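Residue-level structural notes
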Amino acid sequence: MTVQNIRALPKQAAAEDPSSPKKTSPTGSSSAPKISTLVLAPAIALAKPSQLLRIVREQAPTALLGCISLGALFLFWYLGTKYKVDFYIRFKNVPTPYAVLEEARTVGLSNKFFINVVDSLRRIISGFLIAILIGVPLGLVIGKYRLVRDLYMPAIEVLRPIPAIAWVPMAIMLWPTNEASIVFITFIGAFFPILLNTVHGVHSMDGVLIRAGRCLGANEVKLFWYVILPGTLPHIFTGLAVGMGVAWVSLIAAEMISGQYGVGYYTWEAYSLVNYPAIVLGMITIGILGLLCSGAIRLVGFIAMPWLAYSVGSKR
Amino acid sequence: MGVARLARIEFGIFALLMGACIAVGPERARAETTLQIGIGTQNTTTNTVTGGIVLKELGLLEKHLPKTGKYQDFKYSLSWQNFTSGPPVTNGMMADNIQIGMMGDYPLLVNGATGQATGNETQLVAIIAYNAYGGGNGIVVHKDSPYFDLADLKGKNVSVPFGSAAHGMILHALQMHGLTPDFWNLVSQSPEIGSTNLQEKRIDAHADFVPFPELLPFRGFARKIYDGADTKIPTFHGVVVRKDFGEKYPEIVTAYIEALMEANDWVRQNPKLAAEKVEQWTSINKEVVYIFLGSGGIMTLDPTIKSAWVDAMKEDYTVLQKLNLIKPLNIDAWVNDKYVRQAFKDQGLDYDSQLKSLANYDMTGNDPVCNVPVTHPAEAGQIWIDGGDILTFSSPACTLTAVKKYTADGKKLDAVYLVDHELGIKVFADAAFYAIGGKDPKSPEVVPFLLKRNAEDYVAKNGGKVATYADALEGVAGASH
């Protein structure tokens with residue numbers, strides 16, 4: 001029973017640890033369960049509470065450090081505005097957390113702010129999904145075939161560094177509706193990281209796997225589906241996480257077009273009315289939404305790649 | 001290269017300071033004798049040019065800055081910072097990167113209120129240019145659209161830069177016509193975005209401030225269907241300074257206003273040259289610059305702060321307040337005419353008499369086609385001949401006759417200006433509507449209007465018919481033979 005438990009533990013730990021599949025250190029993942037089971041020996045009969053407790057124990061440092069990380073940021077802001085620090089960096093005019101909270105209270109009452117959030121999420125997710133649909137297949141093909149790579153990469157490398165805000169006038173002219181223009185700009189943000197990470201993923205794949213697949217009689221389509229795609233998934237998910245971040249970064253540029261609704265627009269309008277607390281509220285909202293979206297991607301990645309929990313790379 | 005290196009060094013210092021994370025040394029290092037003055041300009045907003053780009057290019061501020069007394073050892077470092085709207089200037093002023101800024105009436109209010117709320121008080125010290133009846137702000141539609149009047153925009157998508165003078169204008173226009181805010185679907189778009197959207201027919205109408213309501217029609221894809229002059233509420237651009245800066249260096253603020261006055265004189269004395277130079281400096285077409293700042297132009301250059309402007313601002317403030325777009329503002333404490341009075345005194349001019357005057361410099365001269373002196377500026381017209389002079393004519397009919405004549409002579413015309421009979425503002429002749437053939441059939445009267453509605457009203461009252469530019473040209477051709 002105990003032995004079984006110890007063996008089963010790493011799997012369960014991995015399975016029930018959605019937020020940080022990669023964070024467990026080699027020492028942590030191999031020794032920590034043993035210690036915890038030893039310590040918790042009396043409780044082993046009650047398997048469930050013990051597991052829960054252990055998960056809490058393993059997660060506690062992560063959660064604690066997370067709180068410290070965010071807390072330090074908040075403290076920096078709070079102290080900076082409280083003492084109106086003026087030492088090259090100047091907090092004199094930065095709104096205080098309290099002013100932002102007040103602003104949040106006033107807009108929180110209106111469902112207009114909720115519409116802003118929903119609109120922005122819809123735009124980001126649309127642009128992001130289109131970026132996946134185009135970026136991943138294109139990246140796989142570019143990575144696999146040299147001819148395709150030589151044909152596409154120069155154009156991609158030219159388009160890649162163009163900032164989102166520079167695309168605004170072209171986006172208006174290219175697309176028939178405002179929504180399409182906005183989605184296009186968030187797409188541009190997400191597309192390149194996804195594409196390039198996919199290409200990189202194909203390149204860094206172990207050639208042995210592809211040869212093995214060929215020897216076992218896989219045709220090109222099967223090779224892509226059963227070997228290259230799964231082998232590239234970790235890189236693709238890195239690309240997705242980065243792409244999601246950049247999509248949010250380009251949100252203000254995108255929603256300058258909107259003229260109505262969207263967190264990016266809200267922030268932009270606050271700037272044109274010089275309402276500093278509202279600007280900060282917009283910034284924080286974008287930050288939180290971005291965090292949630294990245295979290296969702298990591299969760300999906302974890303579910304899509306269960307084998308990673310056992311791979312050597314994950315126990316770095 | 002140099003800038004990049006500087007930025008890197010600056011970043012390095014910044015990182016070092018942040019890393020150290022100790023708050024000592026409250027004052028930034030600043031050489032005793034070098035005074036950095038940040039000036040926030042709006043070069044593309046044509047009626048602020050005499051407070052910004054003209055001063056910069058002609059070196060007028062340097063000329064007027066004090067160099068004696070306590071300023072003896074001062075070395076001035078002027079930092080001209082250009083933006084396309086007021087809010088970034090306000091932002092810079094709150095951060096104390098900009099000490100002198102210029103913007104339109106509504107952004108000025110936001111500037112004052114933000115300053116008072118954040119302990120960065122600013123003061124309105126002078127006006128750059130005004131239109132006493134609200135002209136300059138306007139609503140434009142795509143030239144192919146079927147909209148000719150405010151009423152045609154019911155239920156349509158209209159964009160305006162929120163918080164701008166144009167925003168205030170359309171709020172007033174709605175109130176004036178007894179319309180509710182849901183009359184149309186109003187969204188916020190900056191001039192750049194709104195112009196592109198209008199060109200692509202993605203919005204039905206775009207309301208904007210100087211120079212866009214004239215610039216977009218001039219560039220050939222838009223039609224102005226409403227002018228702020230209809231609201232009869234003054235609009236203007238003004239100069240704000242940080243209060244602490246003004247109190248510390250009053251002579252510099254006065255010097256700035258004196259430079260502004262000299263720039264105004266320069267424009268009035270050389271309107272054609274000024275329009276050409278401003279086009280060169282700001283890329284706004286000279287014909288558009290001239291319709292605002294030329295003789296009899298839509299804007300009057302006058303630095304005095306008239307009580308009517310202060311009253312207008314108090315009314316504007318209530319508009320913003322109703323929409324919950326502005327913090328509290330003590331307008332009387334914010335307006336300060338001390339510096340502009342001092343500037344008039346220094347120049348030996350009478351401030352109080354200028355305060356009462358609403359006179360612009362008028363279109364004058366001799367009509368070279370009808371051979372009469374130009375005596376009624378409100379009926380005069382002007383033709384800008386490509387590569388040549390700006391000629392003034394005594395009446396719309398004479399102007400159009402001249403257009404026919406010069407075109408027949410093979411001359412290319414840059415622009416033809418007439419004065420709107422109803423709104424009293426200069427209009428581009430090819431964008432106007434005309435009432436022709438009224439009253440006396442022998443000498444057909446040609447009466448120009450910006451708005452089709454006004455031309456129709458005039459015809460209903462006086463007879464005749466409504467005509468386009470082409471029709472009106474035909475009409476005068478018939479008369480001259």
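Quick look at the structure, then. Predicted model, so just to flag it, every value in this text is computed and none were measured. (Residues numbered from 1 in each chain as written. Chains lettered and ligands numbered in written order. Predicted model: local features only at pLDDT ≥ 70, side-chain atom pairs only at ≥ 80, totals over all residues. Heavy atoms only, no water.)

**Concerning the packing of aromatic side chains**
If you walk through the whole model with that rule in mind, you get 30 aromatic pairs over all chains. Where W167 of chain A meets F184 of chain A, the ring centres are 5.5 Å apart and the plane angle is 85 degrees; that geometry is what we call edge-to-face. In this pair, W167 of chain A sits in helix α7 (residues 164-174) while F184 of chain A sits in helix α8 (residues 178-203), placing the two residues 17 residues apart along the sequence. F184 of chain A sits in the buried class, given a relative accessible area of 12%. Site record: aromatic cluster; members linked through ring pairs are W167, W175, F184, F187, F191 and F192 of chain A. Sitting above the plane of the F148 of chain B ring, R223 of chain B keeps its charged end 3.9 Å from the centroid. One residue, K452 of chain B, lies across the ring of F148 of chain B, its end atom 4.2 Å from the ring centre. (Phe/Tyr/Trp six-rings, centres within 6.5 Å; stacked < 30°, edge-to-face > 60°. Helix = DSSP H or I, 4+ residues; strand = E, 2+ residues; numbered from the N terminus. Buried < 20%, exposed > 50% of the residue type's maximum accessible area, 1.4 Å probe, protein only. Lys NZ or Arg CZ within 6 Å of the ring centre and 35° of its normal.)

**Things to note about the state of the cysteines**
All names here are of chain B. Considering all chains together, one arrives at 1 disulfide over all chains under this definition. Through a disulfide, C370 is tied to C398; the S-S separation comes to 1.9 Å. Looking down the S-S bond of the C370 and C398 bridge, the torsion is -110 degrees, so its handedness is left-handed. With C370 in the loop between α16 (351-356) and β12 (381-385) and C398 in helix α17 (residues 396-408), this pair connects stretches of sequence that are 28 residues apart. (Disulfide = S-S within 2.5 Å.)

**A look at the nonpolar core**
As a rule of thumb, soluble globular proteins bury nonpolar side chains together. Among the nonpolar cores identified, the biggest contains 212 residues, and I139, W184, I257, W334 and Y434 of chain B are the most heavily contacted of them. With 13 residues, α8 of chain A is the largest single contributor of residues to this core. Within the second largest apolar cluster, 7 residues are counted, among which are F433, V447, Y458 and V459 of chain B. (Core = buried A, V, L, I, M, F, W, Y, C linked by side-chain atoms within 4.5 Å.)

**A look at the layout of surface pockets**
Roughly 1,300 Å³ of volume is contained in the second largest pocket. Lining the second largest pocket are 42 residues, with K112 and E269 of chain A together with L323, N324 and L325 of chain B positioned closest to its centre. Put simply, the parts of the chain that give the lining of the second largest pocket at least two residues each are α4 (97-109), α5 (111-144), α12 (263-272) and α13 (276-304) of chain A together with α5 (105-118), α6 (165-176), β7 (185-188) and α13 (307-322) of chain B. (1 Å grid on protein atoms, 1.4 Å probe; cavity = no way out; pocket = protein on both sides within 12 Å on 5 of 7 lines; lining within 4 Å. Points joined across faces, edges and corners; volume = space filled by probe spheres on them.)

**A few points about the pattern of salt bridges**
In this structure the tally under the stated criterion is 30 salt bridges over all chains. Residue E102 of chain A is joined to R105 of chain A by a salt bridge in which the shortest nitrogen-to-oxygen separation is 2.8 Å. Of this pair, E102 of chain A and R105 of chain A are both found in helix α4, 3 residues apart, which corresponds to roughly one turn of the helix. Take E102 of chain A: its relative accessible area is 31%, and that puts it in the partly exposed class. Across the pair K306 of chain B and D302 of chain B runs a salt bridge, and its minimum N-O distance is 2.7 Å. For the pair K306 of chain B and D302 of chain B, a shared accessibility class is recorded, and that class is buried. Linked through salt bridges whose partners overlap, the residues forming this network are D119, R122, R123, E179 and E255 of chain A. (Salt bridge = Lys/Arg side-chain N within 4 Å of Asp/Glu carboxyl O.)

**Notes on the environment of A263 of chain B**
All names here are of chain B. Inspection of the secondary structure assignment puts A263 in helix α10 (residues 250-269). Between the C-alpha atoms of A263 and V239, which are 24 residues apart in sequence, the distance is 14 Å. Each residue touching A263, except ones within four places of it in the same chain, is listed here: T50, V54, L55 and L60. (Contact = heavy atoms within 4.5 Å.)

**What to know about the sheet that holds strand β16 (residues 433-436) of chain B**
All names here are of chain B. Spatially, 3 strands are ordered β17-β16-β18 in an open sheet, and the strand pairing comes out antiparallel. The sheet is open, and its two edges are formed by β17 (446-449) and β18 (465-467), each paired on a single side. Direction aside, the axes of adjacent strands within the sheet are offset by 30 degrees on average. The sheet contact formed by β16 and β17 spans 4 bridges and is antiparallel. By the bridge assignment for β17, F433 is matched with F449. Its contacts with the sheet put helix α18 (residues 452-462) on β16, β17 and β18, and the angle it makes with β16 is roughly 10 degrees. (Pairing = 2+ DSSP bridges. Axes fitted to C-alpha atoms, helices over the stretch in contact; angles between N-to-C directions.)

**Details of the interface of chain A and chain B**
At the interface, 31 residues of chain A touch 36 residues of chain B. Buried area between chain A and chain B, summed over both chains or domains, comes out near 3,000 Å², and the portion from carbon and sulfur atoms is 56%. A per-residue breakdown of the area chain A buries against chain B is headed by F87, Y88 and L273 of chain A, which together make up 23% of the total. Where chain A packs against chain B, one counts 0 salt bridges. For the pair chain A and chain B, the number of links is 12 residue pairs in polar contact (both at pLDDT 80 or more). For the side of chain A that touches chain B, the secondary-structure elements that each account for two or more residues are β1 (86-87), β2 (89-90), α7, α8 and α12 of chain A. (Buried area = accessible area lost by both parts, 1.4 Å probe. Polar contact = N/O pair within 3.5 Å; in protein donor to acceptor, adjacent residues only side chain to side chain.)

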